[in-house]
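Report on the structure
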Amino acid sequence: MATTSANRYQLEYQHSVQSPVEFWQQQAEKLSWYKTPRNILQQLDGAHYQWFADGVLNTAYLALDHHIEQGRGDQTALIYDSPVTNTKQRFSYNELRDEVARFAGVLKALDVNPGDSVVIYMPMIPQAAIAMLAVARLGAIHSVVFGGFSAHELAMRIDDAQPKVVVSASCGVEISKLIAYKPLLDDAIAKAEHKPERCIIFQRPQLHAQMQAGRDIDWQQAMSKAQSNGCVPVKATDPLYVLYTSGTTGKPKGVVRDNGGHAVALNYSMQAVYDARPGDVFWAASDVGWVVGHSYIVYGPLIAGCTTVLYEGKPVFTPDAGAFWRVCAEYKVNILFAAPTAFRAIRKEDPEAALQRYDLSALRSIFMAGERLDPATYQWVSDKLGKPVIDHWWQTETGWPVAANLAGLTLLPTKPGSSTVPVPGFNIHILNDSGIAVRPNEQGYIALQLPLPPGCLTTIWRNDERFIAGYLDTFPGYYASGDGGYLDDDGYLFVMGRTDDVINVAGHRLSTGEMEQIVANHPAIAECCVIGINEPIKGQQPLALVLIKNGITVDETILEAELVAMVRQEIGALACFKKAIIVKRLPKTRSGKILRKLLRQIADGSEYVVPSTIDDPASLPEIEQLMASRGLVNAL
Ligand code: COA
Ligand code: AMP
């Protein structure tokens, strides 16, 4: 049968789920391995699978050296555009490889070897990508920590990742302020039990960091003396990186990504999902601290031979809401990837897109992820740009999209609110509480049948029990995504939101459980509950409902300010924790469980059913009234 565009997706999808070994072997053969794998998929036990176990490769080689060997050395690999510092810089594949090889030499001189870990705590500057690729070149493991996290969060990650070396910079540059990174790093190391041997600091002209003699090394000085280091072959199953993400507890989870599966999956996704070809300009407007930055600022575009854009700025105020259009036009961006929140911010500042007066003829499609793409934002971007706007759903854990409209196979008709269909390799099921598949259009838990395709997490760093308990025990034979939603009659996936205590603020994943732990530490608070409520630009914002200890009187405004300061200090400003209300009681079941879902429904202004197990039904109207008086009900 001839493969028409209309059935290409269907054929490829069926192939991937019916013959995963053959399918992924064919994808693996598209890469340049030191030893091409023959053992494609191996089940180790009920929970663990390995992809390409006998393959040997180096991810940084695939991202850089391989393209140079293919004659693409002069092509631009990375464009750095920083409206906040007024800087623009281009690196060809040759130049980027040379920088990476030299920085690998710096790390090697500090005895960084395969299996060692390196924490990278940096703003959006090329040196962040160079550091990641250099670690990969050595066969070591990087763990990038988002620059907006506090010293406390960084300390937790240092203790878990146990890095030999930390790479950081003197500062980050936000819209109208400098964030001094070095004092945060010093504070984090002081707080952490694990002490990295050395810190390499990139001094930025905006702020000079104080160095600690004997421990801190100046990036530029070290680079000026460094010997280049070659690529170290590693096993496909060796970890490439650990990336921490929020779970339901206060302790972040270190998602482990292997080298082989990751490279194969990203290469496949660049073609099938994004329709990206070598030489295309790919811009993921995210941050290297998030999974989007790992997969689609650094590794995906480079493995696919594209030019990647690393943007140090915001969608608005750097300097205006035309920033995205300016970057797209200036670099002839072919594929743009951003979070819906960015477009909501642009629409707020420039509702008619009057600042969109650039030539966007190179732009083929706009991809959105990180949170639900609300139909209004989808419509606005589609109308203003007249290009395909593609919602796709994925998670730090999966590392690449699980559901999408596959631009490289068959673009299916769009249904606003849906991230379209399962990506080849992913077998999506909607299950009820008992793990039974529900009917089309019925909501349930989104679960992925095992084995997961290549590129997904292989475990949680130094905590395999948490991997099994958190993802695999709920529905035996499946990965529990933590998201709820449904498949419609046409097999389109609608992701409706998290079923756990994770919230999504401006595309950033945060744990309300962690915020509760911090709020509960305030001396006046007896009990508390933090929920995510609607926010028009950032999608969600945290709201704390707090009960005051008997005999204590506090002013709500003062208490709120104190709690805001505590959360900023412990997590960071990115939590956007700004609201707390004092309540007389919290709605609970008779067994003492706080009815968080009910509280979210009240805040959303949606209809709710009072469960028969509720202990104190009178608490509900009381809370509804309090929320309404603060303008917190149905804030959208
Ligand atoms: N380093 C230090 N601080 C940071 C930071 C970083 N890398 N990133 C954010 N922050 C701080 C901000 O300065 C701000 O601090 P403030 O409360 O003192 O002003 C706070 O964290 C919240 O920042 P942000 O969420 O960026 O809010 P904003 O109001 O400055 O901007 C948006 C709003 C919508 C423009 C912005 O959130 C945005 O661009 N979001 C898209 C994010 C994204 O791409 N996420 C997806 C990953 S796929
Ligand atoms: P993160 O691990 O930070 O990428 O966040 C993953 C979470 O973001 C998912 O579990 C979803 O809750 C949410 N998410 C990401 N992309 C989408 C999308 N396209 N639609 C709905 N929710 C999304």
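On a predicted model such as this, the values are computed, not experimentally measured, just so you know.

1. Overview of the sheet that holds strand β23 (residues 428-431)
- Taken together, four strands build an open sheet; the order of strands is β23-β24-β26-β27 and the sheet is antiparallel. The sheet is open, and its two borders are formed by β23 and β27 (493-498), each paired with just one other strand. Each neighbouring strand pair of the sheet contributes to a mean axis angle of 50 degrees, computed without reference to strand direction.
- Of the strand pairs in this sheet, strand β24 (residues 444-449) and strand β26 (residues 478-487) are connected by five bridges, and their pairing is antiparallel. Considered in β26, the bridge of Leu-448 is made with Tyr-479.

2. Quick word on the sheet that holds strand β20 (residues 389-391)
- The strand order across the open sheet built from seven strands is β5-β4-β17-β16-β18-β19-β20, with neighbouring strands paired in mixed fashion. Taken across any chain shown, the strands that pair with only one partner, and hence form the sheet edges, are β5 (87-92) and β20. For this sheet the average axis-to-axis angle between neighbouring strands, irrespective of direction, equals 20 degrees.
- In this sheet, β20 lies alongside strand β19 (residues 365-368) in parallel orientation, the contact comprising three bridges. For Ile-366, the partnering residue across the bridge sits in β20 and is Val-389.

3. Observations concerning the site of ligand 1
- Taken together, 23 residues sit near ligand 1, with Glu-174, Lys-177, Lys-314, Lys-538 and Arg-568 positioned nearest.
- Within the backbone of Ala-285, an N or O atom sits 3.4 Å from an oxygen atom of ligand 1.
- One of the side-chain nitrogen or oxygen atoms of Lys-538 is found 2.9 Å away from an oxygen atom of ligand 1.
- Computed on the free molecule, ligand 1 has an accessible area of 940 Å², of which 82% lies beneath the protein chains in the complex.

4. What about the side chain of Arg-344?
- Among the structural elements, Arg-344 can be located in helix α12 (residues 340-349).
- We classify Arg-344 as buried; its relative accessible area is 6%.
- Sequence-distant contacts of Arg-344, defined by excluding residues within four places in its chain, comprise Glu-371, Arg-372, Asp-374, Thr-377, Pro-536, Ile-537, Lys-538 and Gly-539.

5. Here we look at unusual backbone geometry
- Note the cis peptide between Thr-318 and Pro-319, where omega equals 0 degrees.
- The residue Pro-319 is located in the loop between β17 (307-311) and α11 (323-330) in this model.
- A cis geometry characterises the amide bond from Leu-450 onward to Pro-451, with omega recorded as 0 degrees.
- Relative to the assigned elements, Pro-451 resides in the loop between β24 and β25 (459-460).
- Phi is positive for Asn-86, which is not a glycine, with a value near 60 degrees.

6. What to know about helix α7 (residues 181-191)
- Restricting attention to buried positions, one finds in α7 the residues Tyr-181, Lys-182, Leu-185, Ala-188 and Ile-189. An end-on view of α7 places all buried positions within 120 degrees of arc, on one side of the element.

7. Structural notes on the state of the cysteines
- Evaluated as defined, the whole model comprises zero disulfides.
- Sulfur of Cys-199: no disulfide; nearest cysteine sulfur belongs to Cys-171 and is 17 Å away.

8. Here we look at the site of ligand 2
- Close to ligand 2 lie 15 residues, the nearest being His-392, Thr-396, Asp-483, Arg-498 and Arg-509.
- Asp-483 places a polar side-chain atom, nitrogen or oxygen, 2.5 Å from an oxygen atom of ligand 2.
- Isolated, ligand 2 exposes 490 Å² of accessible area, and the fraction of that covered by the protein chains is 93%.
- Taken together, the residues of the shell around ligand 2 break down into four nonpolar, five polar and six charged.

9. Quick notes on the domain arrangement of the protein chain
- Each domain of the protein chain was delimited in the assignment, giving domain 1 (2-313 + 392-486) and domain 2 (506-629).
- Distance from the C-alpha centre of domain 1 to the C-alpha centre of domain 2: 34 Å.
- Listed as interface residues are 18 residues of domain 1 and, on the opposing side, 14 residues of domain 2.
- The largest contributions to the domain 1 side of the interface with domain 2 come from Ser-246, Gly-250 and Trp-290, which together make up 34% of the buried area.

10. Regarding the pairing of strand β28 (residues 502-505)
- Residues Val-502 and Asn-504 of β28 are buried on one face, and the alternating residues Ile-503 and Val-505, pointing to the opposite face, are buried as well.
- Relative to strand β29 (residues 508-511), β28 runs antiparallel, the two being bridged by four bridges. Note that in β29 the partner of Ile-503 across the bridge is Leu-510.
- Where β28 hands over to β29, the hairpin turn is made up of two residues, of which Ala-506 adopts a positive phi near 50 degrees.

11. Re the pattern of salt bridges
- Enumeration over the complete set of coordinates arrives at 37 salt bridges.
- When the shortest N-O distance is used, the salt bridge between Asp-111 and Lys-164 registers 3.6 Å. Residue Asp-111 is found in the loop between α4 (93-109) and β6 (117-121), and its partner Lys-164 is found in the loop between α6 (151-161) and β8 (165-169); the two are separated by 53 residues along the sequence.
- The structure contains a network of salt bridges with shared partners spanning Asp-65, Arg-97, Asp-98 and Arg-137.

12. With respect to the packing of aromatic side chains
- Overall, the coordinates contain 34 aromatic pairs when judged by the stated rule.
- Centroid distance Trp-51 to Phe-52: 5.7 Å. Interplanar angle 45 degrees. Geometry classified as tilted.
- For Trp-51, a relative accessible area of 6% gives the class buried.
- Here Phe-52 falls in the buried class, since its relative accessible area comes to 0%.
- Here Arg-157 stacks its cationic end above the ring of Phe-149, 4.3 Å away from the centre of that ring.
- In this arrangement the basic side chain of Lys-415 is found over the ring face of Tyr-492, its NZ or CZ atom lying 4.4 Å from the centre.

Criteria and thresholds
Residues numbered from 1 in each chain as written. Chains lettered and ligands numbered in written order. Predicted model: local features only at pLDDT ≥ 70, side-chain atom pairs only at ≥ 80, totals over all residues. Heavy atoms only, no water. Pairing = 2+ DSSP bridges. Helix = DSSP H or I, 4+ residues; strand = E, 2+ residues; numbered from the N terminus. Axes fitted to C-alpha atoms, helices over the stretch in contact; angles between N-to-C directions. Near = heavy atom within 4 Å. Polar contact = N/O pair within 3.5 Å; in protein donor to acceptor, adjacent residues only side chain to side chain. Areas by Shrake-Rupley, 256 points an atom, 1.4 Å probe, with all protein chains shown as cover. Buried < 20%, exposed > 50% of the residue type's maximum accessible area, 1.4 Å probe, protein only. Contact = heavy atoms within 4.5 Å. Arc of directions from axis to C-beta. Disulfide = S-S within 2.5 Å. Nonpolar A, V, L, I, M, F, W, Y, C, P; charged D, E, K, R; others polar. Domains from an automatic or database assignment. Buried area = accessible area lost by both parts, 1.4 Å probe. Salt bridge = Lys/Arg side-chain N within 4 Å of Asp/Glu carboxyl O. Phe/Tyr/Trp six-rings, centres within 6.5 Å; stacked < 30°, edge-to-face > 60°. Lys NZ or Arg CZ within 6 Å of the ring centre and 35° of its normal.

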